[in-house]
There are 2 protein chains.
Amino acid sequence: MTSKPNVRQPSHVACRDCSLSSLCLPLALSLQDIDQLDRIIKRGRPLKKGEHLFLEGDSFDSVFAVRSGAIKTYTATNEGEEQITSFYLPSEILGLSGMDTDVYPVSAQAMETTMICEIPFEQLESLSDQFPELRRHLMRLMSKKIREDQQMMMLLSKKNADERIATFLINLASRFRRRGFSSQSFRLAMSRNEMGNYLGLAVETVSRVFTRFQKNGLIYAVGKEIEIRDPAQLCQLAGGKTVDAEQIISAS
Amino acid sequence: MTSKPNVRQPSHVACRDCSLSSLCLPLALSLQDIDQLDRIIKRGRPLKKGEHLFLEGDSFDSVFAVRSGAIKTYTATNEGEEQITSFYLPSEILGLSGMDTDVYPVSAQAMETTMICEIPFEQLESLSDQFPELRRHLMRLMSKKIREDQQMMMLLSKKNADERIATFLINLASRFRRRGFSSQSFRLAMSRNEMGNYLGLAVETVSRVFTRFQKNGLIYAVGKEIEIRDPAQLCQLAGGKTVDAEQIISAS
DNA sequence: ATACGACTTTGAGGCCACTCAATGACGTCA
DNA sequence: TGACGTCATTGAGTGGCCTCAAAGTCGTAT
């Protein structure tokens, strides 16, 4: 929009030097093949909070990897309100759901200052022709997304407010952990409002549950800073059998 | 289980002779290439109502296409109850969500007598190596599934009982229509219980909504036979902007 | 430092869908 | 054909979460 931004963090880290490569697309490629992926990746300036990566209805050209920061995707309900469909953390890939309609079915917006790697889909497809493993990885990504969405459907149709929020916190914790951050103590990128929107709850309900969890020693929360105090009980609320839950318990 | 069943319908229709080929996997292939797909497809005996195609946790070996009948997929909630995740009608493909874990994340059960085409995944993958278009089609299928699941999440988190059931009926009608059946009048494969389970509603609520819809002239329902009397209003309840809705309106 | 807006918390009250319970309809099998 | 089990319907009562409202807190920009 204005002149080139003054970025402290180098904006052009190659995949081979990126600390996230073992979680991101490159994990499907050998060291020498990574460079080919690297060449098609576009790394733009950081997005500021509130800026959009793409809008619902934009033509589907690329998939994106989050390098730092956080992205939310959302769509409009029939009444024109926003319905958040996903939150994306560093190393996670978004945009794939646009593939079969040639337009993105959701909008993607930065929730804080965010760095993004853009992978033009057409070139990704030709690369997939060369590297079957990359192709399989893409399909696994989508398959995983389907499973996660089904977990989410289960949450929305069967869980009460306490269970929803416990599940959400445990899930976030586990994702932070995989990325080398603390799973006990972290900062939420989203507001209570956004959390409620995503979880199918009113803001007030989210707030009340947080208060109650804190009163009962499950968590300690100040604003967006969260500390998980009783992972075991939180996991149990979330419905212990999930892998996520076990990961956190083992981390404590 | 017993001797070979006496099937009225020929159990070994080749893809090229199957009336569903234009909706199913073959749509990605040219006429001569279809035969290659055809050779890897296994067509077993029909499943009787209640029989399982696979169980949650079974090793992921194949994807399946429904040829006739209907399949539901479900998983167990933490309390051990069944949570239905999808219904599949003829020409629809299921099983793809097992891809990234090597086990099926759900169980699949016949809701009525059902004929199935089984496509061993390993062979489907090698075929994909030969035919980029087949590969793209598979990815589009998954992408579509993701979009549908997100519609479902929206339904579960934002819609009330009336809207959920209207959406469900409109969606079914549109799927029947695509398959050349009437979209005005059809037979539900699922019980009220299963419908409620899928839609996140109690059976009693489903029943009450059906009664009310009937009283208001939106539908006429006797048991599992459904007639859509006022597609426009039903679409509006479902949240008019969906493509499904428009299709039905244009059909009336 | 201060003022403003955005976000969060807390309370009061109401509604929608759930649960429990009982009756009615359907389909199936002996 | 009758008896049984399953499924569907209807009613009464309850509770969890929503809505509305107001006060409190935080962050930010001037």
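I will try to describe carefully the structure that is included in this document.

Quick notes on the rules
- Numbering of residues begins from 1 in every chain and follows the order in which that chain's sequence is written.
- Here every chain gets a letter starting at A, and every ligand a number starting at 1, in the order they are written.
- Where totals are concerned, whole chains, interfaces and linings use all residues; where local detail is concerned, this predicted model gives features only for residues with pLDDT of at least 70, and gives and counts side-chain atom pairs only at 80 or more.
- Heavy atoms throughout the structure, all of them, feed into the side-chain values; hydrogens and water do not.
- A pair of strands is labelled paired if DSSP reports no fewer than 2 bridges between them.
- Every helix listed is a DSSP run of H or I at least four residues long, and every strand listed is a run of E at least two residues long, numbered separately from the N terminus.
- Only the contacting stretch of a helix is used when fitting its axis, a line to C-alpha atoms as for every element, and angles between N-to-C directions run 0 to 180 degrees.
- Here, two residues are considered to be in contact whenever any of their heavy atoms come within 4.5 Å of each other.
- A simple rule labels every residue: compare its accessible area, found with a 1.4 Å probe on the protein chains alone, to the largest value its type can have, and call it buried under 20%, exposed over 50%, or partly exposed in between.

### Details of the sheet that holds strand E2 (residues 52-54) of chain A
Taken in spatial order, the 4 strands of this open sheet run E2-E7-E4-E5 (chain A), and their pairing is antiparallel. One side of each edge strand has no neighbouring strand; the edge strands of this open sheet are E2 and strand E5 (82-88) of chain A. In this sheet, adjacent strand axes meet at a mean angle of 30° when their direction is disregarded. The sheet contact formed by E2(A) and strand E7 (residues 107-110) of chain A spans 2 bridges and is antiparallel. Bridge pairing in E7(A) places A:His52 opposite A:Gln109. Across the sheet, helix H5 (residues 192-199) of chain A touches strand E4 (71-76) and E5 of chain A, and the angle it forms with E5(A) is around 100°. In the packing of helix H3 (residues 132-158) of chain B onto the sheet, the strands contacted are E4 and E5 of chain A, and the crossing angle to E5(A) comes to about 125°.

### Section: the environment of B:Asp149
Following the sequence through the fold, B:Asp149 ends up in helix H3. For B:Asp149, a relative accessible area of 3% translates into the label buried. Not counting the four nearest positions on each side in its chain, B:Asp149 is found in contact with A:Ile146, A:Asp149, A:Gln150 and A:Met153.

### Section: the pairing of strand E4 (residues 71-76) of chain B
All names here are of chain B. Counted residue by residue, E4 has 5 buried out of 6 residues, so it is predominantly covered. Direction of pairing for E4 relative to strand E5 (residues 82-88): antiparallel, over a ladder of 6 bridges. By the bridge assignment, Ile71 is partnered in E5 with Tyr88. Here E4 hands over to E5 after 5 residues, with Gly80 in that stretch at a positive phi of 85°. Alignment of E4 against strand E7 (residues 107-110), held across 4 bridges, turns out to be antiparallel. The residue of E7 that forms the bridge with Tyr74 is Ser107.

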